[in-house]
Amino acid sequence: MGDHIGIEALGAAAFAPFGDVLDTDGAPDKLINQGLCGRYHDRATLDFGGQGRAGISLFRAEPRRLPLRLEMVERHPEGSQAFLPMSLDPFLVVVAPDMGGVPGRPLAFRTAPGQGINLHRGTWHGVLTPLAAPGLFAVVDRIGPGDNLQEHWFARPWTVG
Ligand SMILES: NC(=O)N[C@@H](O)C(=O)O
Ligand code: NI
């Protein structure tokens, strides 16, 4: 097995090179619906490339147990990808910097309840990784032609958590 990767609490600053953190920390950008709803407005950079369009899909993914054997990360060169949990269960987010076309050392984060993420176009990441059932997510990503998936299988898996 490869080296061990610790899990940090997800934070916007640490995650900024990789994507956006979606949460309702702090005051809303605007109050709507007669003051009964806080709108946290336009909080993600969506990108679907020239020929793509936005799609909303639902994922029901098997929860993983920690420590996680991380064998592969992937990226979507043509579009961003948002994972929006439909529960308050934290989930695991793994990303990695790009080092000349291959991923560098991964980083792992645990979301707070109610936090979602939007991965920037081309960000190396582990696949959606729930930590509790039912693992139900809305996913906003690119629908369009061409190959939008590049995988990298590590020579030695990493141990996460
Ligand atoms: N393949 C797919 O739709 N999902 C992955 O991109 C993922 O990041 O989970
Ligand atoms: Ni993906």
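Our subject is the structure listed above.
Residues numbered from 1 in each chain as written. Chains lettered and ligands numbered in written order. Predicted model: local features only at pLDDT ≥ 70, side-chain atom pairs only at ≥ 80, totals over all residues. Heavy atoms only, no water.

A. The arrangement of the environment of Asp 89 in detail. Of note, Asp 89 is situated in the loop between strand E8 (81-85) and strand E9 (91-96). Spatially, the C-alpha atom of Asp 89 lies 13 Å from that of Leu 128, the residues being 39 residues apart in sequence. Setting aside anything within four residues of it in sequence, one finds Asp 89 in contact with Thr 111, Ala 132, Ala 133 and Pro 134. (Helix = DSSP H or I, 4+ residues; strand = E, 2+ residues; numbered from the N terminus. Contact = heavy atoms within 4.5 Å.)

B. Spotlight on the packing of aromatic side chains. Applying the stated criterion to the full structure yields four aromatic pairs. Seen from their ring centres, Phe 15 and Phe 109 are 5.8 Å apart, and the 90° between their planes marks the pair as edge-to-face. Of this pair, Phe 15 sits in helix H1 (residues 12-15) while Phe 109 sits in strand E12 (residues 107-110), placing them 94 residues apart in sequence. Exposure class is identical for Phe 15 and Phe 109. Each is buried. Among the aromatic residues, those joined into a ring-pair cluster are Phe 15, Phe 18 and Phe 109. (Phe/Tyr/Trp six-rings, centres within 6.5 Å; stacked < 30°, edge-to-face > 60°. Buried < 20%, exposed > 50% of the residue type's maximum accessible area, 1.4 Å probe, protein only.)

C. Fine view of the nonpolar core. Judged by nonpolar contacts, the single largest core of 15 residues is most densely connected at Phe 15, Phe 83, Phe 91, Val 93, Val 95 and Ile 117. Per element, the largest residue contribution to this core is three residues, and it comes from E9. Among all residues touching Ile 117, those that are not within four sequence positions of it are Leu 10, Phe 15, Asp 20, Leu 22, Gln 81, Ala 82, Phe 83, Leu 84, Phe 91 and Val 93. Core analysis: the next-biggest nonpolar cluster, separate from the first, contains 12 residues, Ile 5, Leu 70, Val 73 and Phe 154 among them. (Core = buried A, V, L, I, M, F, W, Y, C linked by side-chain atoms within 4.5 Å.)

Function cannot be read off these values alone, since they describe shape.
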